[in-house]
Amino acid sequence: MEAVNIVRTFNDGKFRALDDVTLRVPTGQVFGLLGPNGSGKTTMVRILSTVLNPSEGHATVGGFDVVKQPGHVRRVIGLAGQFAAVDENLTGFENLRMVGFLNHMEKSRAITRSRELLIEFGLHEFSNKLAKTYSGGMRRRLDLAAALVADPPILFLDEPTTGLDPQSRQDLWAIIEGLVEGGTTVLLTTQYLEEADRLCKQLVVLDHGKIIAEGTSAELKSQLGNTVLVLTFNSTTDAQRAIGLIADLSSKPPNEEGTVLELTVNRGPASAADALRRIDAAGIILMGLQLREPSLDDVFLNLTGHKTDEDRLEEAPLDRRVKRTAKA
Amino acid sequence: MTNITPTGTNDTGLSSIRWAVSDVLTLARRDLLALFRIPTAIVFAMIQPIMFVLLFRYVFGGVIRVPGGQYVNYLIPGILVQTVIFGAVGTAIGLAEDLQRGLIERFKALPMARMAVLGGRTIADMFRNVMVLVIITAVGFAVGFRPHGGFLHYIAACLIMLLFAYCLSWGFAFIGLVAPNSEAAQAMTFPLIFPMVFASVIFVPLQGLPWWLRGFAHNQPISQTAIAVRGLMNGTAIGNSAWVSLAWALGLIAFLAPLAVNRFRKVA
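Residues numbered from 1 in each chain as written. Chains lettered and ligands numbered in written order. Predicted model: local features only at pLDDT ≥ 70, side-chain atom pairs only at ≥ 80, totals over all residues.

### What about the overall build of chain B?
- In terms of regular secondary structure, chain B is built from 10 helices and zero strands.
- Taken from N to C terminus, the helices and strands of chain B fall in the order α-α-α-α-α-α-α-α-α-α.
- Since a compact globule built from 268 residues should have a radius of gyration of about 18 Å, the 20 Å found for chain B is in line with a globular shape.
- Along the three orthogonal principal directions, the C-alpha set of chain B runs to about 80 × 35 × 35 Å. (Helix = DSSP H or I, 4+ residues; strand = E, 2+ residues; numbered from the N terminus. Rg over C-alpha atoms; globule rule 2.2 N^0.38 Å.)

Here it is, written out as structure tokens:
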């Protein structure tokens, strides 16, 4: 699957959702599109899944051109979009069977395949319950199952775990890993660095419709620093004094917000211990110390020097920051 | 990446038509299942026309004079036309909801006929209209409606208005795909429907309308449909109104269906 110089504009060219994006997705692995809301991830998925046409550029999926041979592309792909697109007024089974029929599978095959998937995804006992009675995690699983009814070799997953609780997220990750072991190629979009790190071999980071970084997860991480050290002080004066003491622990200047300092560090607990020693020696009272994994905000701060836009942050799920208490 | 041979049927010629029909039926069945599973939706769809029947039969009906006959026989065919046309609003709401919930996106990535989502929805909505016709006819009989046109003419009248409403529903499909959400879709349909339904001969004969409105009210397509339906049901003259209604229906669908399908292709 590849996309070359894709441009997609909306509102008569006034808004460029994708601005000259080129991707090459290797077969049989998970490829990640990482970025905040509005960065163009979903538009890219919609173009590759033939839902939208690109304004410029061309793309092939499974060897077929998305604009000239959309019918062929649709027969080799499965799409699980952002909204867990299941019909609430149908049962789980009816949802899958309908997708099977619309994939032009034989009736008996569509029915057996639907039952198989319901068992595989732990939805068997809810097969005949209306989808509107399902929990968020169950809907996501049903949605993913719907994308798999026709056994597509290529799968698009648009933010598959957004809004899910940690357990459901783990379950879904395990399912995706199982699919890739079976040879499926997956293009996954996510706002979670942790998810990209766990699932994706290769990553592209999008911002305002442009690629701002690409590489393996390990390469990106080493660019970023592994951990974020968060220090909370009594007053902004204390915070300002501390900047001078600890700035050399990171290659990047600390991010300051009032009484809170954030610093990207490579040595995690050791850096935290250093910071603690210096601050203590200077007689500054520390109110809080925390180490956490870098969030998407940190990635953006590092790559672009700006945070993800404020208006986008409001839409973003609250649990984006994976916090971890220091055990140094 | 290596080429992957598509599995499944080769969708060309006859087989593509067969699959298109199968896709439309699959989706129509889905929409009808939803209809039967939300009984409140049917009940609410029925409340409004029943209220209109009661209101005009017992409250306003006493002061409305119709030429040569009982007002109730004038009223019920009009209510039937009004109700099937209001039914088209459901097409707009249903599609706007599918769009909001991401179902349209899913359907667009499936190897099915492009017009199947719209075809399935409009056909399901037509079946709902058939049900509505049966129920309102029964309500009509209960309040004294006695059509004298004969059974076959009654059926012909039903077919005329069903066809007209079906063709019109493609325009409402377009609205459903343009609207930002289902509430907006519903709100957008009213300014279109209200003047057409009320500046007509559905409730009041032409003589009851102000002189400046009569030209429009007589010739507009909903009135022509109502005139044909009423005449056939009551066994009175219909002039060329049935042909006018039919011509409008075909003209509307020839214009509206490509508009809606084109919108479907662009929307995501």
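### Considerations on the packing of helix 9 (residues 236-246) of chain A against helix 10 (residues 269-281) of chain A
All names here are of chain A.
- One way to put it is that helix 9 packs onto helix 10 with a least axis distance of 10 Å and a crossing angle of 125 degrees. Judged on the interaxial angle alone, helix 10 and helix 9 are oblique. As for the relative orientation of helix 9 and helix 10, their crossing is right-handed in sense. On helix 10, the residues touching Ala 242, Leu 245 and Ile 246 of helix 9 are Ala 275, Arg 278 and Ile 279.
- Along the lines of polarity and charge, the residues of the contact of helix 9 with helix 10 split into five nonpolar, no polar and one charged. (Axes fitted to C-alpha atoms, helices over the stretch in contact; angles between N-to-C directions. Parallel < 35°, antiparallel > 145°, perpendicular 65-115°, else oblique. Left-handed = near helix turned anticlockwise from the far one by under 90°. Contact = placed C-beta atoms within 7 Å. Nonpolar A, V, L, I, M, F, W, Y, C, P; charged D, E, K, R; others polar.)

### Some points on the interface of chain B and chain A
- Counting residues at the interface gives 28 residues for chain B, matched by 31 residues for chain A.
- Contributions of two or more residues to the side of chain B that touches chain A are made by helix 1 (13-37) and helix 4 (103-108) of chain B.
- The greatest single-element share of the side of chain B that touches chain A, amounting to seven residues, is contributed by helix 1 of chain B.
- Its residues assigned to classes, the side of chain B that touches chain A comprises 13 nonpolar, seven polar and eight charged.

### Some points on helix 3 (residues 71-100) of chain B
All names here are of chain B.
- Along its 30 residues, helix 3 runs 44 Å from first to last C-alpha, staying within 8% of the 44 Å computed at 1.5 Å per residue.
- In terms of residue burial, helix 3 counts as a mostly covered element, since 27 of its 30 residues are buried.
- The first or second residue beyond helix 3 is Gly 102, which carries a positive phi of 85 degrees. (Expected span 1.5 Å × (residues − 1). Buried ≥ 20, exposed ≤ 12 C-beta atoms within 10 Å, placed from the backbone.)

### Re the pairing of strand 9 (residues 202-207) of chain A
All names here are of chain A.
- Judged by how many residues are buried, strand 9 sits mostly within the fold: five of six residues are covered.
- Here strand 3 (residues 30-34) pairs with strand 9 via four bridges, running parallel. Within the sheet, the bridge partner assigned to Leu 33 lies in strand 9 and is Val 204.
- Taken together, the six bridges between strand 9 and strand 10 (residues 210-216) define a ladder with antiparallel strand orientation. Bridge pairing in strand 10 links Val 204 to Glu 214.
- Hairpin connection, strand 9 to strand 10: the antiparallel pair is bridged by two residues, and His 208 has positive phi, about 50 degrees. (Pairing = 2+ DSSP bridges.)

### Points about the sheet that holds strand 5 (residues 64-65) of chain A
Residue and element names in this part refer to chain A.
- In space, the four strands of this open sheet follow the order 2-1-4-5, with antiparallel pairing throughout. Either end of the sheet is taken by a strand with one partner, and the two such strands are strand 2 (15-24) and strand 5.
- Sheet analysis places strand 1 (residues 2-10) next to strand 2, joined by seven bridges and oriented antiparallel. Looking across to strand 2, one finds that Arg 8 is bridged to Leu 18.

### Quick word on unusual backbone geometry
Residue and element names in this part refer to chain A.
- In the Ramachandran plot, His 104 falls in the positive-phi region, its phi being about 60 degrees despite a non-glycine side chain.
- Of note, His 104 is situated in the loop between helix 3 (92-102) and helix 4 (107-120).
- Note on His 104: 21 C-beta atoms within 10 Å, which makes it buried.
- Look at Asp 151: it is not a glycine, yet its phi comes out positive at around 50 degrees.

### Notes on the sheet that holds strand 9 of chain A
Residue and element names in this part refer to chain A.
- Strands sit in the order 6-7-8-3-9-10 across an open sheet of six strands; the sheet is mixed. Looking at which strands have only one partner, the edges of the open sheet turn out to be strand 6 (77-80) and strand 10. Recorded for the sheet is a direction-independent mean angle of 15 degrees between the axes of neighbouring strands.
- Inspection of the sheet shows strand 7 (residues 154-158) paired to strand 8 (residues 185-190) by five bridges, in the parallel sense. When the bridges of strand 8 are listed, Ile 154 appears paired with Thr 185.
- Packing against the sheet, helix 1 (residues 41-48) makes contact with strand 3, strand 7, strand 8 and strand 9, and its axis sits at approximately 155 degrees to strand 8.

### Describing the environment of Ala 184 of chain B
Residues and elements named next belong to chain B.
- Turning to its location among the elements, Ala 184 is positioned in helix 7 (residues 182-198).
- The class of Ala 184 is partly exposed, set by 16 C-beta atoms lying within 10 Å.
- Considering only alpha carbons, one finds Ala 184 and Ile 93, 91 residues apart in sequence, at a separation of 8.7 Å.

### Details of the confidence of the model for chain A
All names here are of chain A.
- On average, residues of chain A carry a pLDDT of 85, and 90% of them reach 70 or more.
- Mean pLDDT in chain A bottoms out at strand 15 (residues 323-324), which sits at 28, and peaks at helix 3, which reaches 97.
- Low pLDDT, under 50, characterises residues 310-328; the predicted model gives this stretch 33 contacts beyond four residues in sequence or across chains. (pLDDT = per-residue confidence, 0-100.)

### Description of the nonpolar core
- Formed by 153 residues in total, the largest nonpolar core has its most connected members in Leu 48 and Val 61 of chain A together with Ala 92, Met 161 and Val 229 of chain B.
- In terms of residue count, helix 3 of chain B provides more of this core than any other element does, 17 residues in total.
- In contact with Ala 92 of chain B, other than residues within four places in its own chain, are Phe 172, Ala 173, Ile 175, Gly 176, Ala 179, Ala 185, Gln 186 and Thr 189 of chain B.
- Core analysis: the next-biggest nonpolar cluster, separate from the first, contains 14 residues, Ala 239, Leu 263, Ala 275 and Ile 279 of chain A among them. (Core = buried A, V, L, I, M, F, W, Y, C linked by C-beta atoms within 7 Å.)

### Focus: the pairing of strand 4 (residues 56-61) of chain A
Residues and elements named next belong to chain A.
- Where strand 1 lies against strand 4, four bridges are found, and the strand directions are antiparallel. Looking at strand 4, one finds that Ala 3 is bridged to Ala 59.
- Relative to strand 5, strand 4 is paired through two bridges, and the arrangement is antiparallel. Within strand 5, the position partnered with Thr 60 by the bridge is Asp 65.

### A short note on the packing of helix 1 of chain B against helix 5 (residues 116-142) of chain B
All names here are of chain B.
- Here helix 1 crosses helix 5 at 45 degrees, and the two axes come no closer than 7 Å. Viewed along their axes, helix 1 and helix 5 adopt a mutual orientation that is oblique. Here helix 1 and helix 5 pass one another in a crossing that is right-handed. For the pair helix 1 and helix 5, contact is made by Ala 20, Asp 23, Val 24, Thr 26, Leu 27, Ala 28, Arg 30, Asp 31, Leu 32 and Leu 35 and by Ala 116, Val 117, Gly 119, Gly 120, Arg 121, Ile 123, Ala 124, Phe 127 and Arg 128, respectively.
- For the contact of helix 1 with helix 5, the per-class residue count stands at 11 nonpolar, three polar and five charged.

### A short note on the environment of Ala 20 of chain B
Residue and element names in this part refer to chain B.
- Position of Ala 20 among the secondary structure elements: in helix 1.
- Separated by 92 residues in the primary sequence, Ala 20 and Met 112 place their C-alpha atoms 7.0 Å from one another.
- Each residue touching Ala 20, except ones within four places of it in the same chain, is listed here: Ala 113 and Ala 116.

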